[in-house]
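Single-letter residue listing:
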Amino acid sequence: MHPQLSDKRIVCREFIQALDACHVSIWARLTGGCNQEKDSLNKCLRKERVERSTRNRTQAKEQRLKTEQVWKELHEDD
């Protein structure tokens, strides 16, 4: 199982369940029968990661602008 699934159980739940169900059959797991489920899970996790990164980047830019504004106001008083 992917190590990052501990906090992603809500986001990609259906893909995780499909992969777990496929992994019940050891033969399917060993012969590549679960590759499609794994690829779907990887795509879901990637999409979630990209969205989270975009959100974090936007928040960081906003915070940086606020910080710069505060510093500018502080230096105007000097």
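Here the structure is shown first, and the text comes after it.
The structure presented is a predicted model; accordingly, all values stated were derived computationally and were not measured.

Asks: How would you explain the overall build of the protein if you had to name every residue and give the values?
Replies: Looking only at helices and strands, the protein has three helices and zero strands in total. Listed by position from the N terminus, the elements making up the protein come as α-α-α. A total of 78 residues make up the protein; the buried ones form 17% of that total. Considering only residue pairs separated by 6 or more positions, the protein has 51% of its internal contacts joining residues 24 or more positions apart.

Asks: Can you break down a nonpolar patch on the surface residue by residue, with the values?
Replies: Together, Val-70, Trp-71 and Leu-74 make up an exposed nonpolar region whose accessible area comes to about 310 Å². Secondary-structure assignment places Val-70 in helix 3 (residues 35-76).

Asks: So, the state of the cysteines: which residues are in play, and what are the values?
Replies: Counted under the stated rule, the structure contains two disulfides. Disulfide partner of Cys-12: Cys-44, at an S-S distance of 2.0 Å. Across the S-S bond of Cys-12 and Cys-44 the torsion is about -95°, and the bridge reads as left-handed. Residue Cys-12 is located in the segment before helix 1 (13-23), and its partner Cys-44 is located in helix 3; the two are separated by 32 residues in the primary sequence. Accessibility assignment for this pair places Cys-12 and Cys-44 in one class, buried.

Asks: Provide a residue-level description of the nonpolar core, including the pertinent values.
Replies: Cys-12, Ile-16, Leu-19, Cys-22, Ala-28, Cys-34, Leu-41, Cys-44 and Leu-45 form the largest nonpolar core, which has nine residues in total. At the level of elements, helix 1 and helix 3 are the ones that each hand at least two residues to this core.

Asks: Provide a residue-level description of the packing of helix 1 against helix 3, including the pertinent values.
Replies: Interhelical geometry of helix 1 versus helix 3 gives an angle of 155° and a closest axis separation of 9 Å. Considering the angle they form, helix 1 stands roughly antiparallel to helix 3. The hand of the helix 1/helix 3 crossing is left-handed. On helix 3, the residues touching Phe-15, Ile-16, Ala-18, Leu-19 and Cys-22 of helix 1 are Glu-37, Lys-38, Ser-40, Leu-41 and Cys-44. In the contact of helix 1 with helix 3, the residues fall into seven nonpolar, one polar and two charged.

Criteria and thresholds
Each chain carries its own residue numbering, running from 1 in the written order of its sequence. The predicted origin of the model limits local features to residues at a pLDDT of at least 70 and limits the giving and counting of side-chain atom pairs to 80 or more, whereas totals for whole chains, interfaces and linings rest on all residues. Calculation of side-chain values draws on the structure's entire complement of heavy atoms; hydrogens and water are dropped beforehand. Put simply, DSSP H or I for four residues or longer makes a helix, DSSP E for two residues or longer makes a strand, and each gets a number counted from the N terminus. Burial classes follow relative accessibility: with a 1.4 Å probe on protein chains only, a residue under 20% of its type's maximum area counts as buried, one over 50% as exposed, and anything between as partly exposed. Pairs of residues are marked as contacts when any of their non-hydrogen atoms sit within 4.5 Å. Each patch is built from residues lacking any salt bridge and having more than 30% relative accessible area; the joining distance is 9 Å for like charges and 5 Å for nonpolar side chains (Val, Leu, Ile, Met, Phe, Trp, Tyr). In these tables, accessible area is a Shrake-Rupley quantity obtained with a 1.4 Å probe, and a residue counts as shielded only by the protein chains included in the view. One side-chain nitrogen of Lys or Arg within 4 Å of one carboxyl oxygen of Asp or Glu is enough to make a salt bridge. Note on disulfides: each one is a pair of cysteine sulfur atoms within 2.5 Å. Take the buried Ala, Val, Leu, Ile, Met, Phe, Trp, Tyr and Cys residues and link them wherever side-chain atoms come within 4.5 Å; each set so joined is a nonpolar core. Think of each axis as a best-fit line through the C-alpha atoms, taken over the contacting stretch in the case of a helix, with angles from 0 to 180 degrees between the N-to-C directions. Our angle categories are set so that under 35 degrees counts as roughly parallel, over 145 as roughly antiparallel, 65 to 115 as roughly perpendicular, and the remainder as oblique. Definitions for this section: a left-handed crossing has its near helix turned counterclockwise from the far helix by less than a right angle. A right-handed crossing has that turn clockwise. Here the nonpolar group is Ala, Val, Leu, Ile, Met, Phe, Trp, Tyr, Cys and Pro; Asp, Glu, Lys and Arg are the charged ones; every other residue, Gly included, is treated as polar.

So yeah, pure geometry; function would need other evidence.
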